[in-house]
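Geometric and topological summary
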Amino acid sequence: MDVDLALVGNGGAASLLLDALARHGIRDLRIATIDPGDGDRHRTWAFWTGATDDLDPVLEASWTAVDLYAPQRRTLELGPTRYAMVRSAPVFARAEQAADRLGVKQIIARAAEVLDEGTAVTVRDPHGDVIVRAEWVLDSRPAKPARPGRTSWLQHFRGWWVRSAEPVFDPRSAVLMDFRTPQPPRGVSFGYVLPTGAHTALIEYTEFSPQRLEDAAYVEALSAYTRGLGLDPDKLLVEQVEDGAIPMTDAPFTLRPSPRVVRLGTAGGATRPSTGYTFSAMRRQADQIAAALARGGDPVPNPAYPRRHLWMDAVALRAWDRGLVPAPAFFERLFMRNSPSRVLRFLDGRTSPTEEVALMASTPLLPMTRAAAGDLLARFR
């Protein structure tokens, strides 16, 4: 099969791209998706957005204020920004509808080789058989970074979608970061609570650290955090479990491994190294690709984050990893000494250099300067 555009991998990044292509009115483009169809497609994404959003019809919930515990409770008024949550099922359903409108050929196969031959890209399966030949390939499969990072952590987590017989949650109030959890020897842990109603919520335990935990450790940590909220885990019905790990590293990813192959998602640099947030960057890149194709250009998005933001992330990771600055204190100072809108725009990669100077000045200056000097020396080495 010959196509104009092949999407290798059919997860969140590809789904957002299909939806964007349909919204931008793409026509007469031969598109194929290639995916083995055996991955876990149940996940939840959280992101920052404005007063209105194209995803409003399918949002699970959104909040204009969130709580931060470090360890005292601080309520952050976000308006006009919102913290929003969407589950994967409606996002994938929108992508299916978009695929129907676009006439996408959906191929169930495992891509083993993506070979750029200059004028076209050949995608082969593990047996060496050709799946498609495409003018462009957008590859959202996980990929190793171009080189090891100076700091390489994971954001790893376990979450419970719970239901209570009693109305124990306040759907108007979400807990963004709760640092009252026991802190690991190297890294940071926190819980958060995202209620979708008086009886339902996502309760999650998260760590930023070099390695994942054993399964039993997640269960114990999540149970302890739930009890710390004043809830009895035995009285909550766990309807679904979410589990995952996201890279937090200053290692560079190769965003364009060859002229006609472009990477999307985490492999395409969409994951913010200092927080693990990915969804907003995937959406931006999907819209950029769709807009480029609509005007007859190449499907190549901009880098997800400015280079100066990646440098600041590298310094922050180094400071946490070397024990120069406790991460809970870092985030508390960041949010308490800046407007929430400025912090959230920084996390989204949308602040100006002037704002970033103010953000850096609000962090512990001496240890962060030591981290910056150490990062510079490591780069020279």
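The structure we're discussing is the one just above.
This text gives an overview of the structure that appears in the document.

**Some words on the overall build of the chain**
Of regular secondary structure, the chain possesses nine helices and 17 strands. Compactness check: the chain gives a C-alpha radius of gyration of 21 Å against a globular reference of 21 Å for 381 residues, within 12% of the reference. C-alpha atoms of the chain, sized along the principal axes, occupy 60 × 55 × 40 Å. Counting only residues that meet the buried cut, the chain has 52% of its 381 residues in that class. Intrachain contacts of the chain at a sequence separation of at least 6 include 73% that bridge at least 24 residues. Counting 46 positive and 45 negative side-chain charges, the chain places the averaged centre of each group 7 Å from the other.

**Details of the layout of surface pockets**
Counted as a void, the second largest pocket has a volume near 560 Å³. Forming the boundary of the second largest pocket are 24 residues, of which Asp250, Ala251, Pro252, Phe253 and Leu310 lie nearest the centre. For the lining of the second largest pocket, the elements supplying multiple residues, two or more each, are strand E16 (236–249) and helix H5 (307–321). It is H5 that contributes the most residues to the lining of the second largest pocket, four residues altogether. Classifying every residue of the lining of the second largest pocket gives 14 nonpolar, five polar and five charged.

**Let's talk about a nonpolar patch on the surface**
A cluster of nonpolar side chains, Trp311, Val357 and Met360, forms an exposed patch at the surface whose accessible area comes to about 260 Å². The exposed category is assigned to valine 357, whose relative accessible area is 52%.

**A word on the environment of glycine 9**
Following the sequence through the fold, glycine 9 ends up in the loop between strand E1 (2–8) and helix H1 (12–23). Each C-alpha atom of the pair glycine 9 and alanine 65 lies 35 Å from the other, and the pair is 56 residues apart in sequence. If near-sequence neighbours (up to four positions away) are discounted, glycine 9 is found in contact with Ala14, Ile34, Asp35 and Ser140.

**A word on the sheet that holds strand E7 (residues 82–87)**
Reading across from one edge, E3-E7-E4 is the order of the three strands in this open sheet, with antiparallel pairing throughout. The open sheet terminates on both sides in strands that have one partner only, identified here as strand E3 (44–49) and strand E4 (61–63). Geometrically, the sheet is characterised by an average inter-axis angle of 20 degrees between neighbouring strands, direction not taken into account. As paired strands, E4 and E7 are joined by three bridges and run antiparallel to one another. Following the sheet pairing, alanine 61 is matched in E7 by methionine 85.

**A short note on the sheet that holds strand E15 (residues 200–209)**
Two strands in a sheet stick together by hydrogen bonds in their backbones, pointing the same way (parallel) or opposite ways (antiparallel). The strand order across the open sheet built from seven strands is E6-E5-E13-E14-E15-E12-E16, with neighbouring strands paired in mixed fashion. What marks the edges here is a single partner per strand, and that holds for strand E6 (73–77) and E16. Here the average twist between neighbouring strands, direction ignored, is 15 degrees. With five bridges joining them, strand E5 (residues 65–69) and E6 adopt antiparallel strand pairing. Opposite alanine 65, over in E6, you have glutamate 77 as the bridge partner.

**With respect to the packing of aromatic side chains**
This structure, assessed with the given rule, holds twelve aromatic pairs. Ring geometry for tryptophan 63 and tyrosine 83: centres 6.2 Å apart, planes at 40 degrees, overall tilted. Residue tryptophan 63 is found in strand E4, and its partner tyrosine 83 is found in strand E7; the two are separated by 20 residues along the sequence. On the basis of relative accessibility, which here comes to 1%, the residue tryptophan 63 falls in the buried class. Consider the rings of phenylalanine 179 and phenylalanine 331, whose centres lie 6.4 Å apart with planes at 20 degrees: the pair is stacked. Placement of phenylalanine 179 in the loop between strand E13 (174–178) and strand E14 (188–195) and of phenylalanine 331 in helix H6 (residues 327–336) is noted, with a sequence separation of 152 residues between them. A single burial state applies to phenylalanine 179 and to phenylalanine 331, both of which are buried. Among the aromatic residues, ring-to-ring pairing joins Phe179, Phe190, Phe208, Trp320, Phe330 and Phe331 into one connected group. A cation over a ring is seen here: arginine 260 above tryptophan 136, with NZ or CZ 5.4 Å from the ring centre. Residue placement shows arginine 272 over the ring face of tyrosine 305; its charged tip is 5.1 Å from the ring centre.

**So, the pattern of salt bridges**
Two side chains bearing opposite charge may form a pair once their charged atoms approach each other closely. If you walk through the whole model with that rule in mind, you get 30 salt bridges. The closest approach of N and O atoms between arginine 23 and aspartate 54, which form a salt bridge, is 3.5 Å. With arginine 23 in helix H1 and aspartate 54 in the loop between E3 and E4, this pair connects stretches of sequence that are 31 residues apart. On the accessibility criterion, arginine 23 (41% relative accessible area) is partly exposed. Since its relative accessible area comes to 37%, aspartate 54 is described here as partly exposed. With a shortest N-O distance of 3.4 Å, arginine 74 and glutamate 332 are connected by a salt bridge. One end of the pair, arginine 74, is in strand E6; the other, glutamate 332, is in helix H6, and 258 residues separate them in sequence. By relative accessible area, which is 18% here, glutamate 332 ends up buried. Each of Asp19, Arg23, Asp54, Arg94 and Asp287 takes part in salt bridges that share partners, so that together they form one network.

Rules of the game
- Residues numbered from 1 in each chain as written.
- Predicted model: local features only at pLDDT ≥ 70, side-chain atom pairs only at ≥ 80, totals over all residues.
- Heavy atoms only, no water.
- Helix = DSSP H or I, 4+ residues; strand = E, 2+ residues; numbered from the N terminus.
- Rg over C-alpha atoms; globule rule 2.2 N^0.38 Å.
- Buried < 20%, exposed > 50% of the residue type's maximum accessible area, 1.4 Å probe, protein only.
- Contact = heavy atoms within 4.5 Å.
- Lys, Arg positive; Asp, Glu negative; His and termini not counted.
- Charge placed at Lys NZ, Arg CZ, Asp CG, Glu CD.
- 1 Å grid on protein atoms, 1.4 Å probe; cavity = no way out; pocket = protein on both sides within 12 Å on 5 of 7 lines; lining within 4 Å.
- Points joined across faces, edges and corners; volume = space filled by probe spheres on them.
- Nonpolar A, V, L, I, M, F, W, Y, C, P; charged D, E, K, R; others polar.
- Patch = residues over 30% accessible without salt bridge, like charges linked within 9 Å, V, L, I, M, F, W, Y side chains within 5 Å.
- Areas by Shrake-Rupley, 256 points an atom, 1.4 Å probe, with all protein chains shown as cover.
- Salt bridge = Lys/Arg side-chain N within 4 Å of Asp/Glu carboxyl O.
- Pairing = 2+ DSSP bridges.
- Axes fitted to C-alpha atoms, helices over the stretch in contact; angles between N-to-C directions.
- Phe/Tyr/Trp six-rings, centres within 6.5 Å; stacked < 30°, edge-to-face > 60°.
- Lys NZ or Arg CZ within 6 Å of the ring centre and 35° of its normal.

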